[in-house]
Amino acid sequence: MNAYLADLFSLAGRTAVVTGGSSGIGRGIATALARAGAAVVIVARGEERVAETVHELTEAGCRAAALPGDLSTRAGIHAVADAAAGPFGEPDIVVHSAGINIRPSFTEITEDDWDATMTVNALAPFLLGQRFAPGMAERGFGRLIHISSQQAHRAFVQSGVYGVSKGAIESLVRSEAEAWGGTGVTSNALVPGFVLTPLNARLQQDPQKVAELAARTMIGRNGLPEDFAGAAVFLASPSSAYVTGQHLFIDGGMSVH
Ligand SMILES: NC(=O)c1ccc[n+]([C@@H]2O[C@H](COP(=O)([O-])OP(=O)(O)OC[C@H]3O[C@@H](n4cnc5c(N)ncnc54)[C@H](OP(=O)(O)O)[C@@H]3O)[C@@H](O)[C@H]2O)c1
C-alpha cells in the first residue's frame, strides 16, 4: 500500500472484535479488516467455524484469534465483553455482525422469539458498545460498526421482530454517535440488501424468489460477503473520522426504488 493510501485506510496496529465473524457478511468484514492490518478477534457460537476462520486468516499472514461465545443471553454477552480484550488488548473497532432471522409468520411470533431476536440483534451491540466505547473515547479513537437491514426501512419476506431489531440498531447508531461525539469514537451502520449467506439459506432454495430479489437491485444481482470489504475498511479507518450516525447502503441500489 502506498503511504497516502496507508494514511487513509491502513488498520495496522488496530485491534478489532467482529461478532458473527465466522460466517457470511461478518466473515467477509473480518477478512477485510485483518488484511488491512488489524488484529481481529472472531466471536460466534460454533467453535469449528470460528477456528476455521482464524486458521484461514493466520494462514494468509494476518493476526486473528478465536473467541467462542453466545450472544443470545445477557450472561453470554457479558462473558464475551469480559473476554474480548484478552487476545490483543482493548479493541479500537467493534463490528456487530452476529444476527439471527427466524421468520415465523407474524401471528405466531412468541415472546421467546422476540427475546432471542432482540437479544442477539440489538441488546448485544448495545452492551458491547457500552463496554468498549468508554476506553475508545479515552484513547481518542474508536469505531462502532453495525449491520442493519432493508427491513429497518421497509417490510418484506416476513420482517416481523427482525425488522424491529434492525430499526433499533439504526436508532442505536444515532444514539451512540451523539453519546460519543467529539471523542474520536464514531458509530455507523452498513445496510445490506439481500446477501447470499447461510442466514437466508432457506429463502435461497426458491430460485424464483432469489431472482426476484436480484431484479429489485439496480446492479442486477444479489450481494456477496466480499461486497462489504471496502466499506467496512473505510468505516474502520482514520479516513471516516468525520462520518458518524450514518447508514451506508451496500445493496446494489435495492433501496433506491
Ligand atoms: N444476508 C442478508 O441478506 C442480510 C441482509 C441484511 C442484514 N443482514 C445482517 O447481517 C448480519 C450477518 O448476517 P449473515 O447473512 O452474514 O448471516 P450468517 O452467515 O448466518 O452469520 C451470522 C453470524 O452470527 C453468528 N451468531 C448467530 N447467533 C449468534 C449468537 N447467539 N451468539 C454469537 N454469534 C452468533 C453466527 O455464528 P454461530 O451460528 O456459530 O453462532 C455467524 O457467525 C446479521 O446481523 C444480519 O441480520 C444480513
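Residues numbered from 1 in each chain as written. Predicted model: local features only at pLDDT ≥ 70, side-chain atom pairs only at ≥ 80, totals over all residues.

Identification of the chain as SDR family NAD(P)-dependent oxidoreductase from Microbacterium bovistercoris is taken from an unreviewed UniProt entry. According to the UniProt record, the Sequence similarities (unreviewed entry) comment for the chain reads "Belongs to the short-chain dehydrogenases/reductases (SDR) family." (UniProt positions renumbered as here; feature names shortened; annotations may be inferred.)

Colleague: Could you clarify how one ought to interpret the site of the ligand in this entry?
Modeller: Surrounding the ligand, one finds 30 residues, the nearest of these being Gly20, Gly24, Arg45, Gly46 and Gly99. A total of three residues in the shell around the ligand trace back to one element, the largest contributor, which is helix H2 (residues 24-35). Partitioned by chemical class, the residues of the shell around the ligand number 12 nonpolar, 15 polar and three charged. (Near = placed C-beta within 6 Å. Helix = DSSP H or I, 4+ residues; strand = E, 2+ residues; numbered from the N terminus. Nonpolar A, V, L, I, M, F, W, Y, C, P; charged D, E, K, R; others polar.)

Colleague: Honestly, the packing of H2 against helix H9 (residues 229-236) in this entry has me stumped. Any pointers?
Modeller: When two helices pack together, you describe them by how their axes are tilted relative to each other and by the distance separating the axes. In contact at an axis separation of 9 Å, H2 and H9 are set at 55° when each is read in the N-to-C sense. Accordingly, the angle class assigned to the pair H2 and H9 is oblique. Crossing angle aside, the handedness with which H2 passes H9 is right-handed. For the pair formed by H2 and H9, the contact residues are Gly28, Ile29, Ala32 and Leu33 on the first element and Ala229, Ala232, Val233 and Ala236 on the second. Among the residues making up the contact of H2 with H9, the classes are represented as seven nonpolar, one polar and no charged. (Axes fitted to C-alpha atoms, helices over the stretch in contact; angles between N-to-C directions. Parallel < 35°, antiparallel > 145°, perpendicular 65-115°, else oblique. Left-handed = near helix turned anticlockwise from the far one by under 90°. Contact = placed C-beta atoms within 7 Å.)

Colleague: Teacher, can you tell me more about the nonpolar core here?
Modeller: The nonpolar side chains of a soluble globular protein tend to be buried with one another. Formed by 60 residues in total, the largest nonpolar core has its most connected members in Val18, Leu33, Val40, Ile42, Val43 and Ala232. With eight residues, the single largest contributor to this core is helix H5 (residues 111-139). Once you skip the residues sitting within four places of it in the chain, Val18 turns out to touch Gly26, Ile29, Ala30, Leu33, Val40, Ile42, Val43, Val95 and Ser97. (Core = buried A, V, L, I, M, F, W, Y, C linked by C-beta atoms within 7 Å. Buried ≥ 20, exposed ≤ 12 C-beta atoms within 10 Å, placed from the backbone.)

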